[in-house]
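If you want the building blocks of each chain, they are given just below.
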Amino acid sequence: MSKTILAISGSLRDRSSNTQILKLIGTWLPADISYDIYDGMGDLPHFIPAAEDEAFPKAVQSLHNQLDEADAVIICTPEYAFGLPGSLKNLLDWTVATGNFVDKPVAVITASSQGSYAHPSLLTTLGALSANIVDDATLLIPFIRAKMDTNGNITDEATERELHTVIDNLLQAIT
Ligand SMILES: Cc1cc2nc3c(=O)[nH]c(=O)nc-3n(C[C@H](O)[C@H](O)[C@H](O)COP(=O)(O)O)c2cc1C
């Protein structure tokens, strides 16, 4: 049966290198993998814990549905001010009560100027969400802007190899 991967970029920036990486990964996947890049992060309201009988906002329901339908998730994010982008943390907070990441195979890529704070922080948060962070499917890419051309191609061979390994390991976990 064909598998579905949902990709989430932590950057809402036009021409984001993280979104470019996710687009590039999409070109590497086998044809029988259904691959979507989530485009609703900017529409999510600020997280407020819901009362028990309260329905989630539409944008949040859509996020939950897309996560529930995915066999695996790839998160690719920059670091802002030594931490996770607030928008990405907000997205993750919306999944705490509903458990959408529980046991979900996840690959984690941090592509940033440095990224050394955001990367472990994201792994910690995903741990709190009981996600299945796939062995050897995590990668910190520092100096990302020097490793990518204006067309979104990775120009650093070692980084490209490491990215392929991340994706191969994620695929192995779900196929
Ligand atoms: C407000 C702001 C704060 C930033 N803070 C950090 C930081 O703390 N650590 C880091 O590695 N990069 C930092 N950066 C650099 C970004 O990680 C870098 O611009 C990255 O390429 C952004 O990802 P994107 O291309 O996917 O949008 C910062 C950038 C901005 C705009």
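Residues numbered from 1 in each chain as written. Predicted model: local features only at pLDDT ≥ 70, side-chain atom pairs only at ≥ 80, totals over all residues. Heavy atoms only, no water.

A. Broad picture of the nonpolar core. Grouped together as the largest cluster of nonpolar side chains are 28 residues, with contacts concentrated most on I5, I21, I25 and I74. Of all the secondary structure elements, the ones that give two or more residues to this core are strand 1 (3-9), helix 1 (17-28), strand 2 (33-37), strand 3 (72-77), strand 4 (105-111), strand 5 (132-141) and helix 5 (157-174). If one sorts the elements of this core by residue count, helix 5 sits on top with 6 residues. The contact partners of I5, leaving out residues within four places of it in the chain, are L29, I33, S34, Y35, D36, A72, I74, L170, L171 and I174. Among the nonpolar cores identified, the runner-up in size contains 24 residues, and V60, L67, V73 and F101 belong to it. (Core = buried A, V, L, I, M, F, W, Y, C linked by side-chain atoms within 4.5 Å. Buried < 20%, exposed > 50% of the residue type's maximum accessible area, 1.4 Å probe, protein only. Helix = DSSP H or I, 4+ residues; strand = E, 2+ residues; numbered from the N terminus. Contact = heavy atoms within 4.5 Å.)

B. Structural detail: the UniProt feature "domain: NADPH-dependent FMN reductase-like" (unreviewed entry) in the chain. On the UniProt side, "domain: NADPH-dependent FMN reductase-like" (unreviewed entry) is annotated at positions that read residues 5-142 here. A helix fraction of 31% and a strand fraction of 24% characterise residues 5-142, whose end C-alpha atoms lie 25 Å from each other. (UniProt positions renumbered as here; feature names shortened; annotations may be inferred.)

C. Structural context of the site of the ligand. Neighbouring residues of the ligand: 16 residues in total, closest R13, S16, S17, S112 and Q114. Between A81 and the ligand, the recorded distance is 3.0 Å, taken from a backbone N or O atom to a nitrogen atom. With the chains in place, 71% of the 630 Å² that the ligand exposes on its own is no longer accessible. Looking at side-chain class alone, the shell around the ligand contains 5 nonpolar, 8 polar and 3 charged residues. (Near = heavy atom within 4 Å. Polar contact = N/O pair within 3.5 Å; in protein donor to acceptor, adjacent residues only side chain to side chain. Areas by Shrake-Rupley, 256 points an atom, 1.4 Å probe, with all protein chains shown as cover. Nonpolar A, V, L, I, M, F, W, Y, C, P; charged D, E, K, R; others polar.)

D. Representation of the environment of V108. If you trace the backbone, V108 turns up in strand 4. Taking the C-alpha atoms as reference, V108 lies 15 Å from L91; in sequence the two are 17 residues apart. Ignoring any residue separated from it by four or fewer positions in sequence, one finds V108 in contact with I75, H119, L122, L123, L126, I133, A137, T138 and L139.

E. Focus on unusual backbone geometry. A positive phi angle is found at R15, which is not glycine, with a value near 60°. Structurally, R15 can be placed in the loop between strand 1 and helix 1. The phi angle at D136 is positive, at roughly 55°, despite the residue not being glycine.

F. Region of interest: the packing of helix 1 against helix 5. Running from N to C, helix 1 and helix 5 point in directions that differ by 65°, and their axes come no closer than 11 Å. Relative to helix 5, helix 1 is oriented so that their crossing is right-handed. Facing I21, I25 and W28 of helix 1, the residues of helix 5 in contact are E160, L163, H164 and I167. A breakdown of the residues in the contact of helix 1 with helix 5 according to their chemical character gives 5 nonpolar, 1 polar and 1 charged. (Axes fitted to C-alpha atoms, helices over the stretch in contact; angles between N-to-C directions. Left-handed = near helix turned anticlockwise from the far one by under 90°.)

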